[in-house]
Amino acid sequence: MRRLLRRFARLFWRRRDADAIREELAFHVDEDADDRIATGVAPDDARRAARRELGNATIVVEDTRAVWTWPALERMVGDVRYALRRAVRAPIFSLVAIVSLALGIGANAAVFSLYNAVLLRPLPVPDASALVNLASPGDKDGSVSCNRSGSCDNVFSYPMFRDLDKRQDVLTGVAGHWMERVNLAAAGSTAPGQIDLVSSNYFSVLRLAPAIGRLFGPDDDRAAGGAPVVVLTHDYWLSHFNGASNVVGQTVVANGITLTVVGVAAEGFTGTAVGVPVDAFAPITLRSRLEPEFNDYAARRSYWVYLFGRLKPGVSIDAARPSLNGLYHAILANVDAPLQTKMDDAARARFVSRPLAVEPGAGGQSRLRELAPTAMWMLFAVTSVVLLIACANLANLLLARSAARTAELAVRASIGASRGRLVGQLLIEACTLSAAGGLAGLVLGQWLLAALSRILEPMGFPTVDTSLDWRVLTFAVGASLATGLIFGVFPALHSTRIDLAPALKDQGARSTGTRSAARFRAAMIFVQMALATVLLVSAGLFIRSLVNVGRVDLGIDVDRLITFTIYPQLNGYAPEATRDLLERAEGALAVAPGAERASASTVALVADSYHGTSVNVEGFATGPDKDHGSAYSRVGPDFFKTTGIRLVAGRDIAAADRPGAPKVAVVNETFVRKFHLGSNPIGKRIGIGDNDAPLDTEIVGVAADAAYNGVTTDVPPVFYAPYRQDDHPGGATFYVRTSIDPDSMLKTIPAVMARLDPNLPLEQLRTMAEQVRVNENGSRVIATLAVSFAALATLLASIGLYGVLAYTVSQRTREFGVRMALGAAPGHVRRLVLGHVARLTIVAAVVGIGGALLVGRAVESLLFRMNGHDPWVIAAGVGVLLAVALAAGAAPAWRASRIDPIRALRYE
Amino acid sequence: MPPKSPSRVELLQGTLDLLILRALVLGPAHGHAVAKHIQRTSEELLQVETGSLYPALHRLEAKGWVDASWERSDKGKRARYYRLTRAGRKQLAAEQSRWEAFSRAMSLLLAPAKEKLP
């Protein structure tokens, strides 16, 4: 190892090294001379003889130094230096090549960073590769709860979890957890937060150490509702306790329950669900206290715990599978199956034989991991296309440049450089360029990644750690070297196939404009243009779709409307108190300065919330095969007047619709149609909750169809009932209509709410217009990405086109000169060049359209109210491409038309 | 290239390393002293080329068989002294026994005692 380092050191300090050897040799010569003088030789003669004896000092120094270095490597270093010198001498050429590659590699590095962060990076725990995730695919009868910790296939019942953990012989333990959204109060401020409810062995299975205090032990999750303790994440400890060392023993309040801090987890660990960092960990047995309605610790038919384990040393995942399945099936057959009273034999057989999936769990559990790959591959596909276009630029530039260097190469070949040596050197030049591009791309990639995260963030894209690590570096280095090698090969091989005599005679002015090079150049341009067409047309599709989204008539008056959400239940409010608070908030908001009126709703509008239930409707036949589903919302007085949803008939919900008063509801037009209520639904009765619920609620109004859960989703049948007549409201979204500038109202509202309860966090406080924009983000994000990448691709392709045209024109100087000498007008020459561009572009576009149609079909489900082969979009895409291509060709064409025939003919 | 004096013997490939290691058994020495030692001990039969001596010394250093450091010579000049390392001693022993076996085989083959092809 030391020797290796020494070798490297010598490689780079070559001068000092050679000096040392020279000094050593000088000493030798001196000694030798002294010996000769001692035998009686004259001093001058003795020194001359000694030097003669040594021979060629430089060669001796070189030979000695060669012991320490690798000649091949050193030659490479020399080549790289030469390549760098050349790159500096041709700055424009280098800049275009490097910027092209930087864009291509940067885009790929950014996507790879995301991919790495989401799918590759292991949890920051010791020996993460021994972790395994457990899953139980297959139908589950009973209740299933799942969240962002993984898919609904991955959850187990709590008793099953305990059974599996108890009888382990291949895992060091099975840990379970459930992510809980809470209102978390620490140091006087309350905010929405995430607590991971974990089994007491969670940390020991992960082999995680505390940064401060202790983690959980067996006593912490012994009894349901037990051990009100909490372990904070390092981040939360820093942000909410300023990293105080005396944090142990202090308290935080989650959903109104006071929890004592017992420790802080190791730095960097934010739970096992990628993309969903948690603030703290609490015993899994606390779920029943944080969620008063929950009590499923003994229920074998309630599936909600996410499980993972750690393989014992020496046990492989393949060895663990049969053992774990055997255990699982025994429990299913002996304990779970007898509880399934309604099953027939076939179903029971299926039930007891369902597999237990054991998957590598180094990266933790996350819903994101399951959803991300598709999106990632789509992004990769697009960025690869961009990179391909960039590489085509590199190849064309290299080819053009090596043509200009034919003379140099010919000279080198004639004085004995082998073809392999020349090819090697050209490849190194290509790789030097691509490495520079890769380096710039890595920097650019970080910036693109930030931009990408910003674009994706409103979609609820979670926070992932995207800092550079060796995987991203390896990827970038690999990508740049591969592009350099692959796209440098043809130019290198082509330009070293030299016919020496003419090349030397001609000084290489035109001799390598051979047909194969021309074909290669044309092919590259063709591919670039075709790929750009695909991306342009796709971008057009998404833009058109976004325009369609923007044109949707929401049925809500979003102008000067403000919305925000509170969850009093999460702060420990009982249903009575919650209802009371909502009423008081409505009152206080309505009289706030600048407010016109205010109303609450249990379901936020246009926020992807959907509450559905079965209803019984007067006059609508019931039956097992009939769909009785309807969406609903519990709303406050003047809800329709406040939100601007038009009432077609009847009245608004009123303050008088309270508990004890006759139950009422307003239904929307789709509800009227679905349940055949006819032209006069007012006064008809419905029952809520089941298809045979008593018909105890009277329809008092009909509202126009208005957006419910989303801008682009169809309006479902909806009934709006007063929240005052609801038995268990947990929280509500408020709508405040202002007469003043909404921005100043946004500042007033927190103060108004704080007077009611300072500990109640306000969520999603924003204007309704903003809320609508947020909801459209899916379409906007896709359109933004598509346009960005299409623009990038087109820019790169046009740079490439420009480069090749500029080169071709300079190659055809003589030809154009002859044409003009024979009387061709400048306009004719211009048309000649531009006509060539147009023909090339149109042929490429036709091929590109074929690809775009395929893409259009694949993405059709993402398009709103349009199809994937919209002719106008295709025409627009081709139009843009043609315009860009002609713009790129304009300068070369102009230059061609300005050629002076006399000088061109003398050009020889 | 000047013609070699006929009284001298060309070094066999690979033997220079062995000779250098052997010379350094006597203690640290600079390159010139090593060359002189070899020359003198071989009764001037072996002449070490400077052009191969220094690469060989550096090669041995790179292999970790000798260590080198700049020191003052007897006459007070800066000279690079080489000394045998433990690995070098081991290497010398191994090389020496290999050489002895080789030279025994050579002398057996070349001795004209009772020659008869089977």
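Residues numbered from 1 in each chain as written. Chains lettered and ligands numbered in written order. Predicted model: local features only at pLDDT ≥ 70, side-chain atom pairs only at ≥ 80, totals over all residues. Heavy atoms only, no water.

## Considering the overall build of chain B
Here is step 1: Secondary structure summary: chain B contains four helices and three strands in total.
Here is step 2: Helices and strands in chain B line up, N terminus first, as α-β-α-α-β-β-α.
Here is step 3: The buried share among the 118 residues of chain B stands at 36%.
Here is step 4: Expressed as a percentage of contacts within chain B between residues at least 6 apart in sequence, the contacts between residues at least 24 apart total 47%.
Here is step 5: For chain B, the exposed area adds up to about 7800 Å²; of that, 58% sits on carbon and sulfur atoms. (Helix = DSSP H or I, 4+ residues; strand = E, 2+ residues; numbered from the N terminus. Buried < 20%, exposed > 50% of the residue type's maximum accessible area, 1.4 Å probe, protein only. Contact = heavy atoms within 4.5 Å. Areas by Shrake-Rupley, 256 points an atom, 1.4 Å probe, with all protein chains shown as cover.)

## What to know about the overall build of chain A
Here is step 1: Helix and strand content of chain A: 28 helices and 23 strands.
Here is step 2: Whereas a compact globule of 908 residues would reach a radius of gyration of roughly 29 Å, chain A reaches 37 Å, over 25% beyond that.
Here is step 3: Based on the C-alpha atoms only, the size of chain A along its principal axes is roughly 125 × 85 × 65 Å.
Here is step 4: Taken over 908 residues, chain A has a buried fraction of 51%.
Here is step 5: Across chain A, the fraction of contacts at a sequence separation of at least 24, relative to all contacts at a separation of at least 6, is 81%.
Here is step 6: For chain A, the exposed surface amounts to about 40000 Å²; the carbon and sulfur share of it is 59%.
Here is step 7: The centroid of the 92 positive side-chain charges in chain A is displaced by 10 Å from the centroid of its 82 negative side-chain charges. (Rg over C-alpha atoms; globule rule 2.2 N^0.38 Å. Lys, Arg positive; Asp, Glu negative; His and termini not counted. Charge placed at Lys NZ, Arg CZ, Asp CG, Glu CD.)

## Examining empty space enclosed by the protein
All names here are of chain A.
Here is step 1: This model, assessed by the stated rule, comprises four cavities of 30 Å³ or more.
Here is step 2: Quantified by volume, the largest cavity comes out at close to 80 Å³.
Here is step 3: Surrounding the largest cavity, Leu-398, Arg-401, Ser-402, Arg-405, Leu-426, Glu-429, Gly-488, Pro-491, Ala-492 and Ser-495 form its lining.
Here is step 4: Counting residues per element, the lining of the largest cavity draws most heavily on helix α16 (residues 470–495), at four residues.
Here is step 5: Taken together, the residues that form the lining of the largest cavity break down as four nonpolar, three polar and three charged.
Here is step 6: Put simply, the second largest cavity is a space of about 60 Å³.
Here is step 7: Looking at the second largest cavity, the residues that line it are Ser-136, Val-155, Phe-156, Ser-157, Met-160, Arg-300, Tyr-303, Tyr-328, Leu-332, Asp-336, Phe-351 and Arg-354.
Here is step 8: When residues of the lining of the second largest cavity are traced back to their parent elements, those giving at least two are β3 (155–157) and α11 (317–336).
Here is step 9: Here the lining of the second largest cavity is built from residues that sort into seven nonpolar, two polar and three charged. (1 Å grid on protein atoms, 1.4 Å probe; cavity = no way out; pocket = protein on both sides within 12 Å on 5 of 7 lines; lining within 4 Å. Points joined across faces, edges and corners; volume = space filled by probe spheres on them. Nonpolar A, V, L, I, M, F, W, Y, C, P; charged D, E, K, R; others polar.)

## Details of the pattern of salt bridges
Here is step 1: Evaluation of the coordinates by the stated rule reveals 42 salt bridges over all chains.
Here is step 2: Note that Glu770(A) is salt-bridged to Arg773(A), the shortest N-O span being 3.0 Å. Placement of the pair is Glu770(A) and Arg773(A) together in helix α23 (residues 768–775), with a separation of three residues, close to one helical turn.
Here is step 3: Assessed through its relative accessible area of 30%, Glu770(A) is described here as partly exposed.
Here is step 4: Across the pair Glu61(B) and Arg80(B) runs a salt bridge, and its minimum N-O distance is 3.3 Å. Taken together, the residues span a long stretch of sequence, with Glu61(B) in helix α3 (residues 50–63) and Arg80(B) in strand β3 (residues 78–84) at a distance of 19 residues.
Here is step 5: Residue classification places Arg80(B) among the buried residues on the basis of a relative accessible area of 10%.
Here is step 6: Within this structure, Asp163(A), Lys166(A), Arg300(A) and Asp336(A) form a network of salt bridges that share partners. (Salt bridge = Lys/Arg side-chain N within 4 Å of Asp/Glu carboxyl O.)

## Points about the packing of helix α19 (residues 575–590) of chain A against helix α22 (residues 742–756) of chain A
Axis angle and axis distance: for two packed helices, these are the angle between their axes and the distance between the axes, and together they describe the pair.
Residues and elements named next belong to chain A.
Here is step 1: In the contact formed by α19 and α22, the axes pass within 10 Å of each other and the chain directions differ by 140 degrees. One finds that α19 runs oblique with respect to α22. In the crossing of α19 with α22, the sense of the turn from one axis to the other is right-handed. Contacts between α19 and α22 involve Leu-581, Arg-584, Ala-585, Ala-588 and Leu-589 from the former and Ile-749, Val-752, Met-753 and Leu-756 from the latter.
Here is step 2: For the contact of α19 with α22, the per-class residue count stands at eight nonpolar, no polar and one charged. (Axes fitted to C-alpha atoms, helices over the stretch in contact; angles between N-to-C directions. Parallel < 35°, antiparallel > 145°, perpendicular 65-115°, else oblique. Left-handed = near helix turned anticlockwise from the far one by under 90°.)

## Quick word on the packing of aromatic side chains
Residue and element names in this part refer to chain A.
Here is step 1: Tallied over the entire structure, the rule returns 34 aromatic pairs over all chains.
Here is step 2: Both rings, one in Phe-639 and one in Phe-640, keep their centres 5.4 Å apart while their planes meet at 85 degrees; by these two values the pair is edge-to-face. Taken individually, Phe-639 and Phe-640 each receive the classification buried, so the pair is uniform in this respect.
Here is step 3: Relative to Tyr-720, the ring of Phe-640 lies with its centre 4.9 Å away and its plane at 80 degrees, an arrangement referred to as edge-to-face. With Phe-640 in helix α20 (residues 639–643) and Tyr-720 in strand β21 (residues 718–722), this pair connects stretches of sequence that are 80 residues apart. (Phe/Tyr/Trp six-rings, centres within 6.5 Å; stacked < 30°, edge-to-face > 60°.)

## Remarks on the environment of His828(A)
Here is step 1: Its place among the elements puts His828(A) in helix α26 (residues 826–858).
Here is step 2: Between the C-alpha atom of His828(A) and that of Ala38(A), which follows or precedes it by 790 residues, the distance is 90 Å.

## A word on the confidence of the model for chain B
Here is step 1: For chain B, the average pLDDT comes to 82, and 83% of its residues sit at 70 or higher.
Here is step 2: When the criterion is pLDDT under 50, residues 1–6 of chain B qualifies, and its contacts beyond four places in sequence or with other chains add up to two contacts. (pLDDT = per-residue confidence, 0-100.)

## Description of the packing of helix α25 (residues 813–821) of chain A against α26(A)
All names here are of chain A.
Here is step 1: Contact geometry of α25 with α26 gives a least axis separation of 10 Å together with a crossing angle of 140 degrees. Crossing handedness for the pair α25 and α26: right-handed. In contact with Phe-816, Arg-819 and Met-820 of α25, α26 contributes Pro-826, His-828, Val-829, Leu-832 and Val-833.
Here is step 2: Tallied by class, the residues present in the contact of α25 with α26 amount to six nonpolar, one polar and one charged.

## Observations concerning the side chain of Ser545(A)
Here is step 1: Tracing the backbone through its elements, the reader meets Ser545(A) in helix α18 (residues 515–550).
Here is step 2: Discounting chain neighbours no more than four positions away, the residues touching Ser545(A) are Leu862(A), Leu863(A), Phe864(A) and Met866(A).

## Here we look at the confidence of the model for chain A
Here is step 1: In the predicted model, chain A carries a mean pLDDT of 86, and 93% of its residues have values of at least 70.
Here is step 2: Confidence drops under a pLDDT of 50 for residues 507–512 of chain A, and excluding neighbours within four residues, the segment shows 15 contacts in the predicted structure.

## Let's talk about the interface of chain B and chain A
Here is step 1: Taken together, the contact between chain B and chain A spans 25 residues of the former and 22 residues of the latter.
Here is step 2: A combined buried area of about 2100 Å² lies between chain B and chain A, and 53% of that area is made up of carbon and sulfur atoms.
Here is step 3: On inspection of chain B and its partner chain A, the count reaches five salt bridges.
Here is step 4: The partner of Asp34(A) in a salt bridge is Lys77(B), with the nearest N and O atoms 3.8 Å apart.
Here is step 5: For the pair chain B and chain A, the number of links is seven residue pairs in polar contact (both at pLDDT 80 or more).
Here is step 6: Those elements that provide at least two residues to the side of chain B that touches chain A are α2 (31–41), α3 and β3 of chain B.
Here is step 7: It is α3(B) that provides the largest number of residues to the side of chain B that touches chain A, a total of ten residues. (Buried area = accessible area lost by both parts, 1.4 Å probe. Polar contact = N/O pair within 3.5 Å; in protein donor to acceptor, adjacent residues only side chain to side chain.)

## With respect to unusual backbone geometry
All names here are of chain A.
Here is step 1: Even without being a glycine, Arg-560 presents a positive backbone phi close to 60 degrees.
Here is step 2: Within the fold, Arg-560 resides in the loop between α18 and β13 (561–566).
Here is step 3: Here the phi dihedral of Val-606 falls at roughly 50 degrees; this positive angle occurs in a residue that is not glycine.
Here is step 4: Within the secondary structure, Val-606 sits in the loop between β14 (595–601) and β15 (612–617).

## Let's talk about the sheet that holds strand β2 (residues 66–72) of chain B
Residues and elements named next belong to chain B.
Here is step 1: The strand order across the open sheet built from three strands is β1-β3-β2, with neighbouring strands paired in antiparallel fashion. The open sheet terminates on both sides in strands that have one partner only, identified here as β1 (29–30) and β2.
Here is step 2: As judged from the seven bridges shared by β2 and β3, these two strands associate in the antiparallel manner. In the strand pairing of β3, Ser-69 is matched with Tyr-81.
Here is step 3: Against the sheet, helix α1 (residues 15–24) touches β1, β2 and β3, its axis set at about 95 degrees to β3. (Pairing = 2+ DSSP bridges.)

## Observations regarding the state of the cysteines
All names here are of chain A.
Here is step 1: Under the definition given, this model contains zero disulfides over all chains.
Here is step 2: The structure places no disulfide on Cys-391, whose sulfur is separated from the nearest cysteine sulfur, that of Cys-431, by 11 Å.
Here is step 3: Note on Cys-391: relative accessible area 1%, which makes it buried.
Here is step 4: Overall, the relative accessible area of 14% leaves Cys-431 in the buried class. (Disulfide = S-S within 2.5 Å.)

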